[in-house]
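Single-letter residue listing:
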Amino acid sequence: MRASMPEKISEEIRKEIDGLVKDLNYHSYRYYVLDSPVISDEEYDRLFRRLKELEERYRLVLPDSPTLRIGAPPLEKFEKVRHSEPMLSLDNAFSHDEVREFDARLRRLLGIDGEIEYTVEPKYDGLAMELTYRGGLLYKASTRGDGYEGEDVTLNVRTIKSVPIKIEGRRVPAEIDIRGEVYMDLEEFEKLNKQRAQRGESLFANPRNAAAGSVRQLDPSVTASRRLHLACYGVGAVRGVEFKGQNDLIGWLKEARFPTPAVINVVQGIDAVIGSIRQIEERRGSFPFESDGAVIKVNDFGLQQRLGVKTREPRWAIAYKYQAHQGTTRIREILGSVGRTGVITPFAVFEPVRIGGVTVSRSTLHNWDEIERKDIREGDTVVVERAGDVIPHVVMVIKEKRTGKEKRPPIPETCPACGSKVVREEGAVAVRCVSLHCPAQVREKIIHFASRGGMDIEGLGEKNVELLYSRGLIRHLEDIYKLKKDDLLGLPRFAERSAQNLIDAIERSKHATLAKFLFAIGIVHVGEYAAKLIAENFEKIEDLYKIGPDRIVEIRQMGEKIASSISAFFNDEKNIKTLEAMKALGLRMANPDSVLKKKRGGQPLDGLTFVITGTLPRSREEVEDLIEAHGGRPSSAISGSTDYLIVGEEPGSKLRKAKTLGVKTVSYEELLRMIEDKTKTPKLF
Ligand code: IVH
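Residues numbered from 1 in each chain as written. Predicted model: local features only at pLDDT ≥ 70, side-chain atom pairs only at ≥ 80, totals over all residues. Heavy atoms only, no water.

Focus: the site of the ligand
Around the ligand, the neighbouring residues are Leu88, Leu90, Glu121, Pro122, Lys123, Tyr124, Ala128, Glu181, Tyr233, Val295, Lys297 and Pro314. Separating an oxygen atom of the ligand from a side-chain N or O atom of Lys123 is a distance of 3.2 Å. Separating an oxygen atom of the ligand from a side-chain N or O atom of Glu181 is a distance of 2.7 Å. Only strand S3 (117-124) and strand S10 (291-298) provide two or more residues apiece to the shell around the ligand. (Near = heavy atom within 4 Å. Polar contact = N/O pair within 3.5 Å; in protein donor to acceptor, adjacent residues only side chain to side chain. Helix = DSSP H or I, 4+ residues; strand = E, 2+ residues; numbered from the N terminus.)

Listed below in structure tokens is the structure:
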């Protein structure tokens, strides 16, 4: 189908189009450069739609029309662009002293005794860009490339709303190359990465990479979809206008509606420069963009000319770099380290990299699930971050650098500190060493063992444990019971009496109850209360050796987690050896006679295990208490060793299970009768 002929255009329409372009460009400037819009978004959209409609109907698109920002088709490749004047880079200073040296050098070169006037601006961490304007219109946008030749990214840069398509103001040069930085602000960066993570795409390491990735895009619609910004701070070739200095240039840029750096301080002399650097550094945290330093420039272009350039950098400017946050390095290997509670945490060993003045050669990887989630492998090149005093961490893997030789680290099966088999709880992220022998945990274990809730050994607190450990007197839990008074005498803080007191306290602890011992021994998830419940069900520690989780779950209130933890503990050969050694050293680890007697004392439900299903006339807790009070053992799981299933209203699947297992069933009333009649043989269904 042939396109329809454009309608004849009247002067009135021409004016309307012209007016709409001017208005829309002005409002875009208010919104994107000044951040102070004067019309609503809806009003802007309405004007934009009207312009688009007229442009289509009358086939008249002015060269600075905002409709030109969008709609360019993807490119095959970027064309090369030669810069009229090379785009230089900057020398760096990492200390205030180096900034002072810079000033001293310039004064020497210029033969100036007095103070030089400088400008100080934030250094934007983005992508350097050259914008060439001809006859006041944006003609070309190019990347820095190697400084001499860059890539033509005009179609992409035109989509950045703060880039003027036309130079406004009174002084419009015939030709000018404006230099600046395209950047992505922090909020947009985080939003973009979040979106990418949700879509399973690779993340950008920092806002600079995100900006570069968004501009160096063959499809301009992708660039248009990212909110990029521009800050202009320099000029290359220029014809038709003259600038006295940096500050004058910035003034002109503002008048011409270009976005300029958030701060430009004009100061006299180096002391004021340092003050300005400090001021910018203080404000840095509140900038919406990433700034990695401050740029110090000689203000006067005449002086700049006299100073000239070295090979790649001008002599008249320097970048003061703040302490860096990030660095890139390679992971040599991934190892595990055992914490004081037995959790084995993975960490990466790097090829050493300097970040923020510190050499970083390792960092924690938090847990093994995180390694899988971030897909971190040995041999990977990674971005490492170290902000302030925060411990370094891996931000991301640069997957483009993979060679195929990278290795996924296996989740350890044995403890790197003691070689014991590790335990990984279902659904939990932690990999743990539960060995009593593990040297990485032993001090912590001893402190806990001797604590008040545990064996209550007065005089064996943190300080003394550290002391005895460092002297090699206690290396394992059982060593406590090998201590002699003579070992203690002569140690700092120990005299005749205090040594005797500690030996006595240790001796007394040998008679601690099974409950106290089970808590003191430090089984994962077993607190004082759980220890008490377990102890009520066993006579002595040996009854727990090699125990299976099913038997523990039968105990009231014991869940799967505790059960598997207890079972893992008592199935560890080395742990059993330690317990045996303790027994040989005189520890009782049994229920005191009184408790046992109470348990054995011919009570009506003695030795019987009960499980409840359905709703009973009393709460489950009350019934369980009742069973316990009469010598029985309430349990939550039914098994072959269950004696009775108490069946309430609307019983659950336990009833079926009881039938298959041949477990006897009773009603609540029958239970009461069992207690009252003191008989163990209730009527059966
Ligand atoms: S002036 C002659 N001012 O930093 C060099 N550069 O590390 C002219 N940059 O290539 C650069 N913020 O891309 C200047 N306020 C600023 C800057 C700035 C960021 C970039 C620029 C330069 C790089 C050097």
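Some words on helix H13 (residues 462-470)
Of the positions making up H13, those classed as buried are Asn464, Val465, Leu467, Leu468 and Tyr469. Check the buried side of H13 and you find it contacts helix H12 (442-450) and helix H14 (485-488). Phi for Gly472, located one or two positions after H13, is positive at around 75°. (Buried < 20%, exposed > 50% of the residue type's maximum accessible area, 1.4 Å probe, protein only. Contact = heavy atoms within 4.5 Å.)

Quick word on the packing of H12 against H13
Packed helix pairs are specified by the crossing angle of their axes together with the interaxial distance, meaning the distance between the axes. At a minimum axis separation of 10 Å, H12 and H13 run at an interaxial angle of 135°. With respect to H13, the element H12 is oriented oblique. Of the two possible hands of crossing, H12 and H13 adopt the one that is right-handed. Taken together, the residues of H13 that come into contact with H12 (itself represented by Val442, Arg443, Ile446 and Ile447) are Glu462, Val465, Glu466 and Tyr469. Across the contact of H12 with H13, the residue classes tally to five nonpolar, no polar and three charged. (Axes fitted to C-alpha atoms, helices over the stretch in contact; angles between N-to-C directions. Parallel < 35°, antiparallel > 145°, perpendicular 65-115°, else oblique. Left-handed = near helix turned anticlockwise from the far one by under 90°. Nonpolar A, V, L, I, M, F, W, Y, C, P; charged D, E, K, R; others polar.)

Section: unusual backbone geometry
Peptide bonds are, in most cases, trans, and in most cases residues other than glycine have a negative phi. Unlike most non-glycine residues, Lys546 shows phi in positive territory, near 60°. By the secondary structure assignment, Lys546 is in the loop between helix H17 (528-535) and helix H18 (549-553). Its identity is not glycine, yet Glu650 carries a phi of approximately 45°, on the positive side. If you trace the backbone, Glu650 turns up in the loop between strand S21 (644-647) and helix H23 (653-661).

Here's the deal with the confidence of the model for the chain
Taken residue by residue, the chain gives an average pLDDT of 90. The fraction at 70 or more is 96%. The weakest mean pLDDT in the chain belongs to helix H21 (residues 593-600) at 50; the strongest belongs to strand S9 (residues 265-268) at 98. Under a pLDDT of 50 for its full length, residues 679-685 has, in the predicted model, 14 contacts with residues more than four places off or in other chains. (pLDDT = per-residue confidence, 0-100.)

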